[in-house]
Amino acid sequence: MPTHFTVNPGRNMHMIRFPKEESVDLGQNEAFFFLTENGEERRIKFHDYDAIYARPGLYEQLFYDRLRCASPAVVADRLTTAIQNAGQSIETQRVLDLGAGNGIVADELSDRGVSRLVGLDIIPEARSAAQRDRPGGYDEYFIADMTDLDADTRDNLADWRFSALTCVAALGFDDIPAAAFLEAVDMVADDGWLAFNIKTGFLGTSETSGFATLVKAMIHNDLVDLHLMERYRHRLSIDGEWLEYFVLVARKHGALPDELKTKFA
């Protein structure tokens, strides 16, 4: 694989270089790249989203053009199919996109007919990037910590009466903890849809992040009806290996019990 990549004409061009020996044995959330600007090279971690979003086109160049990330399209497609198979209309869904970033998931859902989309992220740079790169992609975009919502934000979110939740490439690391995910799930109406993805390792029996336990608890306690769990290729690593993820689509049976939320608080 080449270590430099130039974007297609029409988008901002950034000079990026992937490390070689330095990348050996790095965890996925520790991966980094080098960005050259004004003749100087800067090291940026893949999870330094504030720095990446601040540069127009860099996120797309890095993750989609260079590393072939397929997750927004996969999650949006599987959710759409599940809803249609259930005899419902994707066009009538009111979707909360958790960890919305700069709005790529909004593009995918809009392309499939969703007309009401609300984004939520914890860093202001994400909303700024979405408004810059995809103006109008979301009907509303909140900057908030789902584990520490103020009353006004909670009421504003509740007013949307969400029928679906998406969360793409944001679970299992330090981005969105299990407690925040559960709070978002709680915002979705009974019989609403949940569509998210997660690295295969985070659902393993030895995983300690909490997501394996959470997903199993939701399924085994009949809190959700699992419609799909599919293994697929999320994106390439900087070493050229495919990262394997699961996409899950489920439907809520009702309100989540307080003891479940307390367990993952």
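Preceding this paragraph is the structure being described.
Residues numbered from 1 in each chain as written. Predicted model: local features only at pLDDT ≥ 70, side-chain atom pairs only at ≥ 80, totals over all residues. Heavy atoms only, no water.

Some thoughts on the sheet that holds strand β8 (residues 188-199)
Applicable threshold: Strand pairing is assigned whenever DSSP detects at least two bridges linking the two strands. Helix and strand definitions follow DSSP, with helices as H or I runs of at least four residues and strands as E runs of at least two, each counted in order from the N terminus. Between the N-to-C directions of two axes lies an angle of 0 to 180 degrees, each axis being a line fitted to C-alpha atoms and, for a helix, fitted only over the stretch in contact. Contacts are assigned to residue pairs that have any heavy atoms within 4.5 Å of one another.
The sheet built from seven strands is open, its strands ordered β6-β5-β4-β7-β8-β10-β9 with mixed pairing. Edge strands, defined here as strands with exactly one partner in the open sheet, are β6 (140-143) and β9 (224-236). Ignoring strand direction, the axes of neighbouring strands in this sheet form an average angle of 15°. Sheet analysis places strand β4 (residues 94-98) next to strand β5 (residues 116-121), joined by five bridges and oriented parallel. Its bridge partner lying in β5, Asp97 is registered against Gly119. The sheet strands contacting helix α3 (residues 71-85) are β7 (162-167), β8, β9 and β10 (242-252), and the helix crosses β8 at an angle near 145°.

A word on the packing of aromatic side chains
Operational definition: Two rings belonging to Phe, Tyr or Trp (six-membered ring only in the last case) form a pair when the distance between their centres is within 6.5 Å. Interplanar angles under 30 degrees mark stacking, angles over 60 mark edge-to-face geometry, and anything in between is tilted. The cut-offs for exposure are 20% and 50% of the maximum accessible area for each residue type, with area from a 1.4 Å probe on protein chains only; residues under the lower value are buried, those over the upper are exposed, and the others partly exposed.
In this structure the tally under the stated criterion is eleven aromatic pairs. Between Tyr59 and Phe63, the ring centres sit 4.8 Å apart and the planes meet at 50°, which makes this aromatic pair tilted. One end of the pair, Tyr59, and the other, Phe63, are both in helix α2 (residues 58-66), four residues apart, so they sit about a helical turn from each other. Judged by its relative accessible area of 15%, Tyr59 falls in the buried class.

Examining unusual backbone geometry
Unusually for a residue other than glycine, Asn38 sits at a positive phi of about 55°. Mapped onto the secondary structure, Asn38 falls in the loop between β2 (32-37) and β3 (40-45). A positive phi angle, close to 60°, is found at Arg68, a residue other than glycine. Tracing the sequence through the fold places Arg68 in the loop between α2 and α3.

Quick look at helix α5 (residues 124-133)
What counts is decided by this rule: The directions from the helix axis to the C-beta atoms are what the arc is built from.
Along α5, the positions that sit buried rather than exposed are Ala126, Ala129 and Ala130. Axial view of α5: buried residues confined to an arc of 100°, hence all on one face. The secondary structure elements touched by the buried residues of α5 are α1 (49-53), β5 and β6.

What about the sheet that holds strand β1 (residues 15-17)?
The three strands lie next to each other as β1-β2-β3, forming an open sheet whose pairing is antiparallel. The outermost strands of the open sheet, each flanked by one partner alone, are β1 and β3. Neighbour-to-neighbour, the strand axes of the sheet open up by a mean angle of 30°, direction not taken into account. Across three bridges, the pairing between β1 and β2 is antiparallel. What sits directly across from Met15, in β2, is Thr36.

Here's the deal with the packing of helix α7 (residues 178-186) against helix α8 (residues 211-220)
The packing of two helices is summarised by the inter-axis angle and the distance between the axes. Heads up, the rule is: The labels follow the angle: roughly parallel below 35 degrees, roughly antiparallel above 145, roughly perpendicular from 65 to 115, and oblique for the rest. Note: crossing handedness is left-handed where the near helix turns anticlockwise from the far helix by less than a right angle, and right-handed where it turns clockwise. The nonpolar class holds Ala, Val, Leu, Ile, Met, Phe, Trp, Tyr, Cys and Pro. Asp, Glu, Lys and Arg form the charged class, and all remaining residues, Gly among them, are polar.
Following both chains from N to C, one finds α7 and α8 inclined at 30°, their axes separated by 10 Å at the closest point. Regarding the angle of α7 to α8, the classification is roughly parallel. Crossing geometry of α7 relative to α8 is assigned as right-handed. Listed contacts from α8 to Ala178, Phe181, Leu182 and Val185 of α7 are Phe211, Leu214 and Met218. Here the contact of α7 with α8 is built from residues that sort into seven nonpolar, no polar and no charged.

Here's the deal with the pattern of salt bridges
Threshold: Salt bridges, as used here, are contacts in which a Lys or Arg side-chain nitrogen is within 4 Å of a carboxyl oxygen on Asp or Glu.
According to the stated counting rule, one finds 14 salt bridges in the structure shown. Notably, a salt bridge pairs Glu41 with Arg17, separated by 3.0 Å at the nearest N-O pair. Linking Glu41 in strand β3 with Arg17 in strand β1, this pair joins segments that are 24 residues apart in sequence. Residue Glu41 is classed as partly exposed on the basis of its relative accessible area of 43%. Since its relative accessible area comes to 24%, Arg17 is described here as partly exposed. We note a salt bridge from Asp258 to Lys261, for which the minimum N-O separation is 3.8 Å. Remark: Lys261 and Asp258 occur in helix α9 (residues 258-263); sequence separation between them is three residues, near one turn of the helix.

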